[in-house]
Amino acid sequence: MPQLLISALSYLGYILIFPGFLFCFLVGLLLAGIDRKLVARMQKRVGPPILQPFYDFFKLMGKETIVPAAASRTTFLLAPLVGLAALVVLQLFIPIFSFSAFSGVADVIVILYLLLIPALAIILGGAASGSPYAGVGLSREMVTVIACELPLVLVLLAVGRAVGTATGSGICFSMTQIVQYQIENGSLITRASMIPAALAMLLVIPGETGSHPFDAAEAETEICEGMLAEYSGAPLGVYKLSHAIKLLTMSSLFTALFLGGIGTGVIVLDALILFAVCLVVTVVMISLLHAVTARLKIEQIFKYYWTVVSGLALISLVLAWYGF
Amino acid sequence: MILMNYIVSFFLLALGMYCIVTKYNLVKTVIGLSIMDYGVNLLIISIGFNPGGTAPIFTWGELTPSSFFVDPIPQALTLTSIVIGACVTAMSLALVMKLQESYGTLDTREIRRLRG
Amino acid sequence: MNWLNILSYRHFPIYAIMVLFLGAFLIVLFGRNRWARHILAFLSVASSLAFLIALVRPVMLGGEIIAYWMGGRVPAGGYAIGIALEVDALSLFFGLLIATAVFVACLYSFRYMEHDDNIPQYYTLFLMLAGGVLGLVLSGDLFNMFIMVEILTFAAVALTAFRNTANGALEAAFKYLVVGSIGSSCILAGTILLYAQVHTLNFAQLSALIPGGLNNATKVAFALLFVGFCTKAFLVPFHPLAADAHGAAPASISVLISGVLTKSGLYGIIRLVYFLFQSMGLGTIQFMLVFVGSVSMFVCVTMALAQHDFKRLLAFHSISQIGYVLSAAGLATALGISAGLYHAMNHTLFKGLLFLTAGAVLHKTGTTDLGKLGGLSKKMPHTTVLFLIGAASISGIPPFNGFASKWMIYQATYQKAVESGNIGFLLVTIIALITSVLTLASFVKVTQSVFFGRLPAAYENVTEVPFGMRFAMGIFAALCVVTGLFPDYVTRWLTEPAARAVFSVGQYINDMMGAGYAESVMGGLAPAQQTVSFVHVGVWSPVSWLLVLCIMLLAVTLAAVLGKYDRVSENAGEKVPGKYDLFFGGEESVYSQVGGGDLFWGFKHNWRHYFRFMYDLHSGVVNDYALWAVVALSLAVVFLQIVL
């Protein structure tokens, strides 16, 4: 009996504290804050304090929620919560180097599909609000999701094949096995055939998180932030939190797929290393790109992802297929 | 085993398909369907033929191992097929009548509200 | 005579078919009375379903094959002389699927067809359609299959034209009849060519005799039969018929056309290549099936993105999912067939649900044009929830059933690619994944255009649909959720026995024609019992995932509630002007909702030449569709002559 109680409590701890809700909350908002500060600095501004997203979140939680008369109330209020929950649950299935909270539940294909749920939640929330800006926003968001899907698929298939040929089973879809292989044999990014795939994955990260220059879906200057136009108060806070946590999730996915070999085995150190890697990825791919580029049009985003980024991932896939 | 029958039956099949593909009048399309059915019926009945065989109708005691008759099964299949062909023709002509009432024309190039 | 014998489960297949035909006949006689009609129809479909469920224990779990000779005419002298029904796990799988879909569609029809004329004829045709399809999958005789194909084509055409004042119903029925008849004539011609070679029509005996003696005539027969069954399954290039027929038919019939008729075509193809010709070992035949499946998948999903009619869009998606099933079944591995059959089952369930919700929308608003609808979630909340379940299932969102079967299909195609070393199968995996996300896009479009957005003034008085219709939709939705949460049970009880049956041709022949027949007739070519393995390379535990998600949702909701998530303004009575209106740039709200046709502009712009080409190609003229059928037939004949 105490055994059952201990394991139930430990799972609850995984879900709520580490690597679950509390960990995502703290690290995600921290990354978002560092990103904002750095972008400002790169643009020769002072920028907000690093803890600004925390202040924003708690402020929004205390504000009044205005549900428009034309909106479908239940979906409008429920969508942000479902999106946040699904995103945090997704983070639980991505191994942090050798530590994997729930190893037998989801594999790479499942993660690919679970990544659709937060995007779908924001789309449904926007649709439910009934605003015309939301219509344009969700259309662009869906096209961005379609655009990012092809390179992501190719990258995952390439990694699965690379690990599979090396372990002799042909293909490998299990996340824990991919990380295990990297711990034993060195990170996948050190293999020359996987570098195009790593580049492709890095380019997918700003697209998935909706960062500049791929943020046509949330274009503040054109469509008043699109799907979030009618949101206010606590639901808006939850969406901002989801956006921040997605930074963590995509970076940790990249780490697990390509940098799995640099962990130490001690949980606390691993968490710190993960945070460091996420920081570097955020700084380079999200802040730097944000500061120096202009926003792409939606058809340009689509074309870019389906030609350049998919081309990189395809090179890796073909090389991995033939065993390099 | 009559070669001419086989050639004609496949020719009718092809002719029926040609009729359906190139004729723009609804009634001609229905005729094309019927021609295809007749072609297949001719094929069925020709397959059962044994040269020199008698009709497969016997009473008890007449049937011996040395009786040589044409195959009765294709005849049964042909009857079934003819009935089906008649039903299809009837239904399609009924549809043609209603189409004429509702669209005012029998030209297939005009009857295309469902497209894309 | 032992009267108790008629209660033996060996007779259940024929009972299941006969109650449907008997019900059709009785409704002709007693159909004037509404209660008589409803009771007769309900009894027919319910008892048919009950008979088939009673067969699950002996056939699926026990591995038995029921070989039933009508009139007791067992084979004499090694030749089949009677008409046979043969029920193995594959037939029973499809039979259960059909019976379930028919049952739910019948329940739905009770309220849906209330305001139509000629209702007794509707039920008669409905039960004949059901009886025809059930007869097709349970039959063990090739000509019997052809008869059933004709019955079901006929009933389906008549039912498509049922509401003949609806826009395009007659036109759709005529096109369906023309190209469907071409397909049926092909099946008949193929059957007769096979008869001419071996002088038997019994399926098991044909399976024993044909593979050894492939000559030009049998190769032509293969092509004819394959094209004929593809017509029934509405694969490319016969897909425009599906779009027309589904769009014009009443919703309960659309459920049957998409969920049941297409499955009958698939059943015919599987029996043809795995049993009759036993040619799936050849890489070229696998290529043929997988190629047709992949092209169907991709072409139909892109066509669907361009539609602006709700039911036509659903019809194209239907064919796209059938493409998935055929690609998986064409892999010739046990995992592939199991995944394909699982997806076929899921497709019937979620597609049925989606068509029924489209019917509910049509019933209440009178239109299915995406440009005219909007904002229905406020008036029809239950229908919206049911639609969202169906849309999540078809897009493959975990934990619904679409995801479980798609997950297995991806593994099956990737495994096949690795085993055979052929990178073409990898392309199929990629196409399947992309099709999935395009499907999601399509349903986001429909959700935005029909259920969310602004409610047009014409639909202010729309109410929720009657309980009978919601109950029928709810059955499908519940099945979608259950089959998604417990894929292990579904595979163990339903799809794995069926997949095993596909590889047990020898047992099939022997049970029908007498033990040892296959070996004695086929000699060295007798199909040995193949070892089937269902090894997965991934992990997916839906119940655990759902548990974690629920805990997380609970935690998040708790935090939200504590943070006073929904703060309604205290003085709600005092209406602040404009506070609850939508923001429209500060100007007076001359509302402009983004029309369904304008969504996903970024995607459509990049593919505009392709979409233009496709639109012009699908011209709506019946001659063009017939031309595609003839071209497909010619290509099939030439290809199979060269390859076999």
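The structure presented is a predicted model; accordingly, all values stated were derived computationally and were not measured.

When helices and strands are tallied, chain C shows 25 helices and 2 strands. Relative to the compact-globule value of 26 Å for 644 residues, chain C shows a C-alpha radius of gyration of 25 Å, a close match. Considered along the principal axes of its C-alpha atoms, chain C spans approximately 95 × 60 × 55 Å. The buried share among the 644 residues of chain C stands at 62%. Across chain C, every contact between residues at least 6 apart in sequence was considered, and the portion connecting residues at least 24 apart equals 80%.

Further remarks concern the overall build of chain B. Within chain B one finds 3 helices and 0 strands. Starting at the N terminus and ending at the C terminus, chain B contains elements arranged as α-α-α. Taking 13 Å as the expected radius of gyration for a compact globule of 116 residues, we find that chain B reaches 20 Å, considerably beyond that expectation. With the C-alpha coordinates of chain B rotated into their principal frame, the extents come out at 65 × 30 × 20 Å. The buried share of chain B, reckoned over its 116 residues, is 31%. Look at the contacts in chain B between residues 6 or more apart in sequence, and 59% of them connect residues 24 or more apart.

Across the contact, 69 residues belong to chain A and 64 residues belong to chain C. Counting residues per element, the ones that place at least two in the side of chain A that touches chain C are α1 (2–16), α4 (73–92), α5 (108–114), α6 (116–129), α7 (132–167), α11 (234–258) and α13 (298–321) of chain A. Considering every element that reaches the side of chain A that touches chain C, the biggest residue donor is α7(A), with 15 residues. Broken down by class, the residue content of the side of chain A that touches chain C amounts to 51 nonpolar, 11 polar and 7 charged.

The subject of this paragraph is the confidence of the model for chain C. Looking at chain C as a whole, its pLDDT mean stands at 88, while 95% of the residues score no less than 70. Interface confidence for the predicted complex, expressed as ipTM, amounts to 0.95; the pTM equals 0.94.

Attention shifts here to the nonpolar core. In this structure, Val102(C), Leu129(C) and Leu353(C) are the most contacted members of the largest nonpolar core, which totals 411 residues. Broken down by element, the residue count for this core peaks at 21 residues, all from α7(A). In this structure, Leu129(C) is in contact with Leu152(C), Ala155(C), Ala156(C), Leu159(C) and Leu256(C), ignoring residues within four places of it in sequence.

Okay, the arrangement of the chains next. Counting contacts across all 2 pairs of chains that touch, the top pair turns out to be chains A and C. The smallest C-alpha distance separating chain A from chain B is 22 Å, and no contact links them.

Now for the interface of chain C and chain B. Counting residues at the interface gives 37 residues for chain C, matched by 34 residues for chain B. Ranked by the residues each element gives to the side of chain C that touches chain B, the list is headed by helix α7 (residues 169–198) of chain C, at 14 residues. When grouped by side-chain class, the residues that make up the side of chain C that touches chain B number 24 nonpolar, 10 polar and 3 charged.

In this section: the pairing of strand β2 (residues 84–87) of chain C. All names here are of chain C. Here β2 shows two buried faces, one formed by Ala 84 and Glu 86 and the other by Leu 85 and Val 87. Strand direction decides the pairing type here: strand β1 (residues 66–69) and β2, joined by 4 bridges, are antiparallel. Paired with Trp 69 across the bridge in β2 is Ala 84.

The subject of this paragraph is α11(A). Helix length check: α11(A) (25 residues) gives 36 Å between terminal C-alpha atoms against 36 Å at 1.5 Å per residue, within 8%. Where burial is concerned, most of α11(A) is hidden: 24 out of the 25 residues are buried.

Residue and element names in this part refer to chain C. Two elements in contact, helix α4 (residues 89–112) and helix α5 (residues 119–138), have axes whose closest approach is 9 Å; the angle formed by their N-to-C orientations is 170 degrees. The angle between the axes of α4 and α5 places the two elements in the roughly antiparallel class. Between α4, through Ser 91, Phe 94, Gly 95, Ile 98, Ala 99, Val 102, Cys 106 and Ser 109, and α5, the contact on the second element is made entirely by Phe 126, Ala 130, Val 133, Leu 134, Val 137 and Leu 138. Here the residues of the contact of α4 with α5 are counted per class, giving 11 nonpolar, 3 polar and no charged.

Our focus in this paragraph is the packing of helix α14 (residues 334–365) of chain C against helix α18 (residues 467–485) of chain C. All names here are of chain C. Here α14 crosses α18 at 150 degrees, and the two axes come no closer than 9 Å. If you check the angle between α14 and α18, you find them roughly antiparallel. Crossing angle aside, the handedness with which α14 passes α18 is left-handed. Facing Asn 346, Leu 349, Phe 350, Gly 352, Leu 353, Leu 356, Thr 357 and Ala 360 of α14, the residues of α18 in contact are Met 469, Ala 472, Met 473, Phe 476, Ala 477, Leu 479, Cys 480 and Thr 483. Here the contact of α14 with α18 is composed, by residue class, of 12 nonpolar, 4 polar and no charged.

Looking now at helix α12 (residues 267–292) of chain A. All names here are of chain A. Its 26 residues place the ends of α12 36 Å apart at the C-alpha level, agreeing with the 38 Å of an ideal helix rising 1.5 Å per residue. Within α12, the full set of buried residues consists of Leu 274, Cys 278, Val 281, Thr 282, Met 285, Ile 286, Ser 287 and His 290. Lining the buried residues of α12 we find α2 (21–42), α9 (195–209) and α11.

Moving on: unusual backbone geometry. Following Phe18(A), the chain continues to Pro19(A) via a peptide bond in cis, the omega torsion being -5 degrees. Tracing the chain through its elements places Pro19(A) in the loop between α1 and α2. The backbone of Asn118(C) sits at a positive phi, close to 55 degrees, despite the residue not being glycine. Residue placement: Asn118(C) occurs in the loop between α4 and α5. A residue is classified by how many C-beta atoms lie within 10 Å of it, and Asn118(C), with 13 of them, is partly exposed.

All names here are of chain A. Checked against the element boundaries, Ser 316 lands in helix α13. In this structure, the C-alpha to C-alpha distance between Ser 316 and Ala 200, residues 116 residues apart in sequence, is 9.5 Å. Each residue touching Ser 316, except ones within four places of it in the same chain, is listed here: Ala 158, Ser 193, Met 194, Pro 196 and Ala 197.

Residues and elements named next belong to chain C. Tracing the sequence through the fold places Thr 384 in helix α15 (residues 381–395). For Thr 384, a count of 24 C-beta atoms within 10 Å translates into the label buried. Distance from Thr 384 to Leu 136, taken between C-alpha atoms, is 36 Å for residues 248 residues apart in sequence. Apart from the residues within four sequence positions on either side, Thr 384 is in contact with Leu 376, Ser 377 and Phe 451.

Our focus in this paragraph is the environment of His243(A). Examined against the element boundaries, His243(A) turns out to sit in helix α11. For the pair His243(A) and Gly265(A), spaced 22 residues apart in the sequence, the C-alpha separation amounts to 29 Å.

Cut-offs and rules
- Residues numbered from 1 in each chain as written.
- Chains lettered and ligands numbered in written order.
- Predicted model: local features only at pLDDT ≥ 70, side-chain atom pairs only at ≥ 80, totals over all residues.
- Helix = DSSP H or I, 4+ residues; strand = E, 2+ residues; numbered from the N terminus.
- Rg over C-alpha atoms; globule rule 2.2 N^0.38 Å.
- Buried ≥ 20, exposed ≤ 12 C-beta atoms within 10 Å, placed from the backbone.
- Contact = placed C-beta atoms within 7 Å.
- Nonpolar A, V, L, I, M, F, W, Y, C, P; charged D, E, K, R; others polar.
- pLDDT = per-residue confidence, 0-100.
- Core = buried A, V, L, I, M, F, W, Y, C linked by C-beta atoms within 7 Å.
- Pairing = 2+ DSSP bridges.
- Expected span 1.5 Å × (residues − 1).
- Axes fitted to C-alpha atoms, helices over the stretch in contact; angles between N-to-C directions.
- Parallel < 35°, antiparallel > 145°, perpendicular 65-115°, else oblique.
- Left-handed = near helix turned anticlockwise from the far one by under 90°.

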